[in-house]
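Residue-level structural notes
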Amino acid sequence: MPDTDQFLQTIEAVYASGLDHDCWPNALGAMNGLLGGAGATLEAFDMKAQRSTEFLSVGAPTAGETQYVEQFAALNPRAPYAARQRSGTLLWDYQILDEDEMARNPFYTDFLPSLGLHYCLGAILDRTPDKLVAVAVHRTHKQGHVDQREIALMRKLLPHFQRAYDTATRLTMANNRNGFLENAFDWLTDGVALMSTDGYVIYANETLRALAQCRDGFRIAGRTIEFMEPLARRRFDAALGALRRIGEPSSDAVATDFAAVRGGGMPAYIVSLRPLVHGENHRMQLVEAKIIMFVRDPLLRNAATIQILQDLFSLTKAEAHLAQALCTGATTGAYATERRVSLNTVYSHLKRIREKTGCKSVPELILKFSELKVSLRPAGPSGSA
């Protein structure tokens, strides 16, 4: 697939936007560059009030900077067409009007030329009776219509934009309504625990509870985290002590990141402890929480990452699972044991991965995938390979 590096960079920018609203311009700019546009927009539209509730723009004027609302909104043939579509639909000009019809439409003859624009390629991220959310790339008359390449790329970007926008919506709700902070944490692939300074667990997200139930490397016993390996227990206690002493003149610089070994030849968990700073809108029952702990499982499968590998290199789901596992340090033997498949099956997958990616060795494969970092859980349940 062409544009592999640029496509990957766009995906990473999109997921960063899901966690940080200020990153949306970067995501729109990356999409605009990938699809060869003159500008990109993301708009949320209130269907009942018939007004825009959010409008982000890169390389194109915002709605408030034009005469769109006052003079041309009612003449825009794209709007009623989009309003009839479902979430996940792509739309472009030729679906709505041909060139002769565009030449007679004031939206195309008067409004768009005043902005230096003419054509667009859009995707509907969310469509409910109350709301329409769409992302679009806009092109000049000289650039012409989008072709099959751009349409195919937008189709591959769409599910990632949907996941990121959904996560951004959940995080926004977490800042405004009690009870949604935990839901936001439950969308992370990392295990998350909120703890008091003495190490008592006040909250554990879904991923952490699932990892703890395996009783491999650590477990949750009552209200405490217990690591199985002595060194990990000592490092955990030292990290808690260091965080309790933050700000004291006599405090020592103690690392608060460490590895928690587990059995079966699986890569160790990566554990990170950080002080938790409360904002003004925290839930009252979480006031006791002073420390946040992250537990990262290098082998935890992320459906979004798997989908990216499939999109980029036309890998099957089984091949994409193996590629990701190898890039996080798993051996072919350990992977075969964990997945309960034969080594011959693993080697067959690896052979096809090499053929499709052009990589001649596992180190070369790891290098190619080294920048693939997606931290969100999938939007729905993932199937097995």
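Residues numbered from 1 in each chain as written. Predicted model: local features only at pLDDT ≥ 70, side-chain atom pairs only at ≥ 80, totals over all residues. Heavy atoms only, no water.

A few points about the pairing of strand β11 (residues 269–275)
Relative to β11, strand β10 (residues 257–260) runs antiparallel, the two sharing four bridges. Its bridge partner lying in β11, A259 is registered against I270. One ladder, built from six bridges, connects β11 with strand β12 (residues 291–296); its direction is antiparallel. Bridge pairing links I270 to R296 in β12. (Pairing = 2+ DSSP bridges. Helix = DSSP H or I, 4+ residues; strand = E, 2+ residues; numbered from the N terminus.)

Some words on the sheet that holds β10
One open sheet accounts for five strands, arranged β7-β6-β12-β11-β10; its pairing is antiparallel. Each edge of the sheet is formed by a strand with only one pairing partner; in this case those strands are β7 (201–204) and β10. Adjacent strand axes in the sheet meet at a mean angle of 25 degrees when their direction is disregarded. Strand direction decides the pairing type here: strand β6 (residues 191–195) and β7, joined by three bridges, are antiparallel. (Axes fitted to C-alpha atoms, helices over the stretch in contact; angles between N-to-C directions.)

A closer look at the sheet that holds strand β2 (residues 51–58)
An order of β2-β1-β5-β4-β3 is seen for the five strands of this open sheet, with the pairing classed as antiparallel. Each edge of the sheet is formed by a strand with only one pairing partner; in this case those strands are β2 and β3 (90–92). Strand-to-strand twist across the sheet, computed as the mean angle between neighbouring axes with direction ignored, equals 20 degrees. Of the pairings in the sheet, the one linking strand β4 (residues 119–127) to strand β5 (residues 131–139) comprises eight bridges and is antiparallel in character. For A123, the partnering residue across the bridge sits in β5 and is V135. Running over the sheet, helix α2 (residues 24–35) touches β1 (39–46), β2, β4 and β5 and is turned about 45 degrees from β5. (Contact = heavy atoms within 4.5 Å.)

Description of the confidence of the model for the chain
Confidence in the prediction of the chain, expressed as mean pLDDT, is 80, and 80% of residues score 70 or more. When pLDDT is averaged over each helix and strand of the chain, the minimum, 58, is found for helix α3 (residues 68–72) and the maximum, 94, for β3. When the criterion is pLDDT under 50, residues 279–285 qualifies, and its contacts beyond four places in sequence or with other chains add up to six contacts. A low-confidence stretch, residues 375–385 (pLDDT under 50), is modelled with 35 contacts involving residues beyond four sequence positions or located in other chains. (pLDDT = per-residue confidence, 0-100.)

Here's the deal with the pattern of salt bridges
Where charged atoms of side chains with opposite charge meet at close range, the side chains can pair. Taken as a whole, this structure holds ten salt bridges when the rule is applied. Put simply, R78 and D93 hold a salt bridge, and the shortest N to O gap is 3.0 Å. One end of the pair, R78, is in helix α4 (residues 78–83); the other, D93, is in the loop between β3 and α5 (99–103), and 15 residues separate them in sequence. Each member of the pair, R78 as well as D93, carries the same accessibility label: buried. Note that R262 is salt-bridged to D297, the shortest N-O span being 2.4 Å. Placement of R262 in the loop between β10 and β11 and of D297 in the loop between β12 and α11 (303–313) is noted, with a sequence separation of 35 residues between them. Here R262 matches D297 in class, with each residue buried. Members of the salt-bridge network, linked through shared partners, are E319, R352 and K356. (Salt bridge = Lys/Arg side-chain N within 4 Å of Asp/Glu carboxyl O. Buried < 20%, exposed > 50% of the residue type's maximum accessible area, 1.4 Å probe, protein only.)

Digging into the pairing of strand β9 (residues 224–227)
Across the two faces of β9 the burial differs, with I225 and F227 buried and T224 and E226 not buried at all. Across four bridges, the pairing between strand β8 (residues 218–221) and β9 is antiparallel. Bridging from a neighbouring strand, A221 pairs with T224 of β9. The turn linking β8 back onto β9 is made up of two residues, and G222 within it adopts a positive phi angle of 65 degrees.

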